[in-house]
Amino acid sequence: MALTVLLSCIGVLLATGIVAVAGAGWKGLASNLVYAAALAAGAVMLSVGLSALAAAPSGAETLDLPVGLPWLGAHFRLDALSAFFLVVVNLGGFTASLYGLGYGNREESPGRVLPFFPAFLAGMNLVVLADDAFTFLLSWEFMSLASWALVMAHHRVHDNARAGYIYLLMASFGTLALLLAFGLLAGPAGGYAFSAIRAAPPSAGLAAAVLALALLGAGSKAGLVPLHVWLPLAHPAAPSHVSALMSGVMTKVAVYGFVRLVFDLAGPPDWWWGALVLLLGGASAVLGVLYALMQHDLKRLLAYHTVENIGIIFIGLGLALAFRANGMGLAAALALTAALLHVFNHSLFKSLLFLGAGAVLGATGERDMERLGGLIRRMPLTAIAFLAGSAAISALPPFNGFVSEWLTFQAILVSPKLPQWLLKFLVPAVGATLALSAALAAGCFVKAFGATFLGRPRGAAAQQAHETDRASLAAMFVLVALCLLAGLVPGVFIDALAPVGQQLLGARLAPQGQFAWFTIVPIEDSRSSYNGLLLIVFIALGAWLAAAVIHRWASHALRRAPAWDCGFPDASPATQYTAGSFAQPIRRVFGSLVFRAYERVSMPAPGRTEPARFHLRLRDLVWDTFYAPVQGIVDFGADHLNKVQTWTIRAYLSLVFGTVVALLMVLAIWH
Amino acid sequence: MSHLSLDVAHLFAGSLVLVSFMLLYQDRMFGLLNIFALHAFVVSLSVAWQAYIQFAPHLYITAAIALMVKAIIIPVALHNIIVRLGIHRTIDTVGSIGTTMLAGIMLVALSIMVMLPITAEAGTLTREDLAFSLSVILLGLLMMISRRNAVSQVIGFMSIENGLILAATAAKGMPLVVEISVAFSILVALIVIGIFLFRIRERFDTMDVHALQRFRGGHP
């Protein structure tokens, strides 16, 4: 029943996309229609997902449709894992559609956005419901293509076309890897239904290959280092509510793909799987945040933070794999819960931040933080929402980001019980990188919020900004409320995730509902606990006390002094502390190692009138190491294959002849 | 199957390979046409013999078509074309005849080495015929790439087709429909190629396919 409702909602979304193609001429009407339909479908699917998650332990619901490959059909399945991701997808889809209701009227090229937006949502929903390899890959590719079209919506903007091209390449590569993974799982008999794969799990060697391919395929979509290169290019290029969907939701669909492949289909893990995933996760967490710190483009900064948060999620998944391989069910459930809770949390605050960045972009037409500033006075509500999102992503209590990172640390603290020495050493090291990235993320959002919303406007656009429309604000504040709720009563959310752990690992955390006042105690014998309510009372009391003390005992004597005299008595806003200046110390520390940073100051000779200049060049080490050689080889090959175009007919025939003879020789030697 | 029928089939298939070698070393235009007619004649004999020993009367039709079209109509037509174009003296080969023949011998060895092991469970007749037909196909390809003249390339192409017929009849049970369509496609190919030859001739005043290269902007 639930699946029928879901599939009809997906059908409605697809139909809306088709209607939007025809109706793109009526701008306002079409946009309202599309986003209202997406909103309604999202709300229905969200409630179905929630009820399925609540009822999950009772088993999965399946549905087969006679479409697709004739001997396979299309299988759909709604179990705890897909119900959870259904909630994530549709919560993001719901808020993005709500934002779209307001934003749609400002869109310059609605014909390039409206048809693909519902299609994109439909694709993501289909991926999490698919229960055979063919349907999964088809939906996956549909999702990729729809999002590609959305990335290319503003294709005349500088660099967007390149972003779309790189995205398309990486998406095809990822799908190829997944195709191979499913091919290995299905085996020579071609059992492509997931039920058939579950019934015949692969051998150890094959399973390791599936893990590697899943890391390549799902990892490239999620943005794991070093496969993340497309993400900071493509996510910001799309319209902001689509960026929110891509960063907040599509990367989570990729995580779903990974979890489905590795936890559900690939059979029991080996302990080194956990080590590999942990390493990649740790590298993504640190590199993501370091790259983010160097960015002055607000949306690109957020996109790099997605890389970081995906890293945190994969750290949780790696821990879960390591614990599972060693039969530590409870610890595995803890790590998996941490990872999935972070999936949920990141989808909330990353959507929130992208919507906020979209509001700023809409109000000022500017993504460069060095030209923003002082927006807290022009756009106070957006500023509050963005601040809440920043606090959440920086893992500050009482918001939700803290809870999931705290849970990840709890899982890391269990790691000394692991028998393998490599893991004993690796996990604390990864924990240290996690701590480092959390601290750097906080610094990065001080920079992002400070440079964008505080200080004085650095440009005319920022000076004349206006608060964004009500629908967009409503979308943002729904997310703020959810972020706060998930931070205050995390036990409810952890309990809601329990069926997923039960399904994948056969273990679950102790029900958190049993503890008074919404305290969470993930592992009872370690007795570490967290209570969001207590903390917010403490924060409120502390803040009130501090304010009272300052007001009561601070000097009453009136002093007059030049405002902001420490550094710029000059009235020009250009003398303010900038985003670049804020990031400079970090760049000094990590720059030479990670970015090969090169700084040069050229001072004019005395008496000359030209300005002094500061040059900074950063190199992307990942691009230089992994991608530049591939690009070089492809260019070289293309250059040289060009000659083949002007060969003679006889030369072509000789090529055919030579190939046939060579293949026959291989055959002759083979036998 | 009696030894005699096997031996005769073997004889025809072997002769076909031999005639293919004759095609390979023949460097005169009319000689080439005559040998091609012989090639087609041997194929039709072989097919007829297969029809006899397999009790498959429809193969007689195949043999008749091969005889009519490839041993008579096509050589005569090509003969006319050559006469009208006045190109009966111009054949130039790439590389010497000797090396081409050596390469051909190696190709025959290769096809036997490939075919005999992988068809181990098939009947003797099929195995031998498949090996010989692969040789004929490879020799036809070799002929196509070792001649510059368009007419000899056409003949090489059609000798490949003869090799395919040999393989198909030996495999037992190739439907007649397929054979007819193949025959017609070859006929169509001949027509197209004939027109093509005239067009080349009109444009470039030569039958050397190398001349096309200049037209395409490459370096001949």
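Here goes a summary of the coordinates provided.

Reading the values: the criteria
- Residues numbered from 1 in each chain as written.
- Chains lettered and ligands numbered in written order.
- Predicted model: local features only at pLDDT ≥ 70, side-chain atom pairs only at ≥ 80, totals over all residues.
- Heavy atoms only, no water.
- Helix = DSSP H or I, 4+ residues; strand = E, 2+ residues; numbered from the N terminus.
- Buried < 20%, exposed > 50% of the residue type's maximum accessible area, 1.4 Å probe, protein only.
- Contact = heavy atoms within 4.5 Å.
- Areas by Shrake-Rupley, 256 points an atom, 1.4 Å probe, with all protein chains shown as cover.
- Rg over C-alpha atoms; globule rule 2.2 N^0.38 Å.
- Buried area = accessible area lost by both parts, 1.4 Å probe.
- Salt bridge = Lys/Arg side-chain N within 4 Å of Asp/Glu carboxyl O.
- Polar contact = N/O pair within 3.5 Å; in protein donor to acceptor, adjacent residues only side chain to side chain.
- Phe/Tyr/Trp six-rings, centres within 6.5 Å; stacked < 30°, edge-to-face > 60°.
- Disulfide = S-S within 2.5 Å.
- Axes fitted to C-alpha atoms, helices over the stretch in contact; angles between N-to-C directions.
- Parallel < 35°, antiparallel > 145°, perpendicular 65-115°, else oblique.
- Left-handed = near helix turned anticlockwise from the far one by under 90°.
- Nonpolar A, V, L, I, M, F, W, Y, C, P; charged D, E, K, R; others polar.
- Patch = residues over 30% accessible without salt bridge, like charges linked within 9 Å, V, L, I, M, F, W, Y side chains within 5 Å.

### Thoughts on the overall build of chain B
Now for step 1: Helices and strands together make up the secondary structure of chain B, namely eight helices and zero strands.
Now for step 2: Scanning chain B from its N terminus toward the C terminus, one meets helices and strands in the order α-α-α-α-α-α-α-α.
Now for step 3: Every one of the 220 residues in chain B was classed for burial, and the buried ones make up 51%.
Now for step 4: The contacts in chain B between residues at least 6 apart in sequence include a share of 74% that link residues at least 24 apart.
Now for step 5: Counting every atom, chain B has about 10100 Å² of accessible surface; 70% of that belongs to carbon and sulfur.

### A closer look at the overall build of chain A
Now for step 1: In terms of helices and strands, chain A carries 25 helices and four strands.
Now for step 2: For a compact globule of 671 residues, the expected C-alpha radius of gyration is about 26 Å, and chain A comes in at 26 Å, within 12% of that figure.
Now for step 3: The principal-axis extent of the C-alpha atoms belonging to chain A is close to 100 × 70 × 60 Å.
Now for step 4: In chain A, buried positions account for 54% of the 671 residues.
Now for step 5: Across chain A, contacts joining residues at least 24 apart in sequence account for 79% of those joining residues at least 6 apart.

### Side note on the side chain of His-154 of chain A
Now for step 1: With respect to the helices, strands and loops of the structure, His-154 of chain A is situated in the loop between helix H6 (133-151) and helix H7 (160-186).
Now for step 2: The exposure class of His-154 of chain A is buried, given its relative accessible area of 18%.

### Regarding the interface of chain B and chain A
Now for step 1: Contact residues are listed per partner, giving 21 residues for chain B and 17 residues for chain A.
Now for step 2: Taking both partners together, chain B and chain A bury about 1700 Å²; carbon and sulfur atoms supply 77% of that area.
Now for step 3: For the pair chain B and chain A, the interface holds zero salt bridges.
Now for step 4: Put simply, chain B and chain A have zero residue pairs in polar contact (both at pLDDT 80 or more) between them.
Now for step 5: Elements supplying a minimum of two residues to the side of chain B that touches chain A: helix H4 (97-118), helix H5 (124-146) and helix H8 (210-215) of chain B.

### Looking at the environment of Ala-435 of chain A
Residue and element names in this part refer to chain A.
Now for step 1: With respect to the helices and strands, the residue Ala-435 is situated in helix H18 (residues 421-453).
Now for step 2: Under the relative-accessibility criterion, Ala-435 is labelled partly exposed at 38%.
Now for step 3: In the structure, Ala-435 is positioned 167 residues away from Pro-268 in sequence and 30 Å away in space, judged by C-alpha atoms.

### Considering the pattern of salt bridges
All names here are of chain A.
Now for step 1: Per the counting criterion, the structure on display carries 14 salt bridges over all chains.
Now for step 2: Arg-198 is the partner of Asp-131 in a salt bridge, and the nearest nitrogen-oxygen pair spans 3.8 Å. Of the two residues, Asp-131 is situated in the loop between helix H5 (116-129) and H6 and Arg-198 in helix H8 (residues 194-199); the sequence distance between them amounts to 67 residues.
Now for step 3: On the accessibility criterion, Asp-131 (5% relative accessible area) is buried.
Now for step 4: The exposure class of Arg-198 is partly exposed, given its relative accessible area of 25%.
Now for step 5: For Asp-264, the salt bridge goes to Arg-198, with nearest N and O atoms at 2.9 Å.

### Some words on the packing of aromatic side chains
In this description, an aromatic ring pair is defined by two values, namely the gap between the centres and the angle between the planes.
Residues and elements named next belong to chain A.
Now for step 1: For the structure on display, the rule yields 23 aromatic pairs over all chains.
Now for step 2: Ring centres of Tyr-99 and Tyr-103 lie 6.0 Å apart, and the angle between their planes is 20°; on these two criteria the pair is classed as stacked. Here Tyr-99 and its partner Tyr-103 are both found in helix H3 (residues 80-103), four residues apart, which amounts to about one turn of the helix. In this structure, Tyr-99 and Tyr-103 share a single accessibility class: buried.
Now for step 3: Between Trp-272 and Trp-273 the ring centres are 6.4 Å apart and the planes differ by 70°, which places this aromatic pair in the edge-to-face class.
Now for step 4: Since its relative accessible area comes to 2%, Trp-273 is described here as buried.
Now for step 5: Three or more aromatic residues joined by ring pairs make a cluster, and in this case those are Phe-136, Trp-140, Phe-182 and Phe-194.

### What to know about the state of the cysteines
All names here are of chain A.
Now for step 1: The full count for this structure, using the stated rule, is zero disulfides over all chains.
Now for step 2: Left without a disulfide partner, Cys-444 is nearest to the cysteine sulfur of Cys-483, which lies 17 Å away.
Now for step 3: For Cys-444, a relative accessible area of 0% gives the class buried.

### Remarks on the side chain of Arg-147 of chain B
All names here are of chain B.
Now for step 1: As for its placement among the helices and strands, Arg-147 is situated in the loop between H5 and helix H6 (150-170).
Now for step 2: Arg-147 gets classed as buried once you look at its relative accessible area, which sits at 1%.
Now for step 3: Reaching out from Arg-147, the side chain makes a polar contact with the backbone oxygen of Gln-26 at a distance of 3.2 Å.

### Comments concerning the packing of helix H13 (residues 298-325) of chain A against H18 of chain A
How two helices pack is summed up by the angle between their axes together with the distance between the axes.
All names here are of chain A.
Now for step 1: At a minimum axis separation of 11 Å, H13 and H18 run at an interaxial angle of 160°. Viewed along their axes, H13 and H18 adopt a mutual orientation that is roughly antiparallel. H18 is crossed by H13, and the crossing has left-handed handedness. Residues Leu-298, Leu-301, Leu-302, His-305, Glu-308, Ile-312, Ile-315, Leu-319 and Ala-322 of H13 form the contact with H18, whose participating residues are Leu-423, Val-427, Val-430, Leu-434, Ser-437, Ala-438, Ala-441, Cys-444, Phe-445, Lys-447, Ala-448 and Thr-452.
Now for step 2: Across the contact of H13 with H18, the residue classes break down as 16 nonpolar, three polar and two charged.

### Considering unusual backbone geometry
Residues and elements named next belong to chain A.
Now for step 1: A cis amide bond links Val-225 to the next residue, Pro-226, at an omega of 5°.
Now for step 2: For the bond from Pro-397 to Pro-398, the omega torsion is 10°, close enough to zero to count as cis.
Now for step 3: The phi dihedral of Asp-159 falls on the positive side, at around 75°, and the residue is not glycine.
Now for step 4: For Asp-159, the position within the fold is in the loop between H6 and H7.
Now for step 5: With phi around 60°, Ala-395 is a residue other than glycine that occupies positive phi space.
Now for step 6: With respect to the element layout, Ala-395 can be found in the loop between helix H16 (380-393) and helix H17 (400-414).
Now for step 7: According to the relative accessible area criterion, Ala-395 is buried, its value standing at 14%.

### Overview of the packing of H5 of chain B against H6 of chain B
All names here are of chain B.
Now for step 1: Interaxial distance between H5 and H6 falls to 8 Å at its minimum, and their mutual angle equals 170°. Compared by their axis directions, H5 and H6 come out roughly antiparallel. Mapping the contact onto sequence places Thr-126, Asp-129, Leu-130, Phe-132, Ser-133, Val-136, Ile-137, Gly-140, Leu-141, Met-143 and Met-144 in H5 and Ser-152, Gln-153, Ile-155, Gly-156, Phe-157, Ser-159, Ile-160, Gly-163, Leu-164, Leu-166, Ala-167 and Ala-170 in H6.
Now for step 2: Its residues placed into classes, the contact of H5 with H6 shows 14 nonpolar, eight polar and one charged.

### Observations concerning a nonpolar patch on the surface
Residues and elements named next belong to chain B.
Now for step 1: On the surface, a cluster of nonpolar side chains totalling about 650 Å² of accessible area is made up of Leu-38, Phe-41, Leu-45, Leu-67, Met-68, Ile-72, Ile-73 and Val-76.
Now for step 2: At the level of secondary structure, the elements contributing two or more residues to the nonpolar patch comprise helix H2 (29-54) and helix H3 (58-85).
Now for step 3: Of all the elements, H3 adds the most residues to the nonpolar patch, at five residues.
Now for step 4: Within the secondary structure, Phe-41 sits in helix H2.

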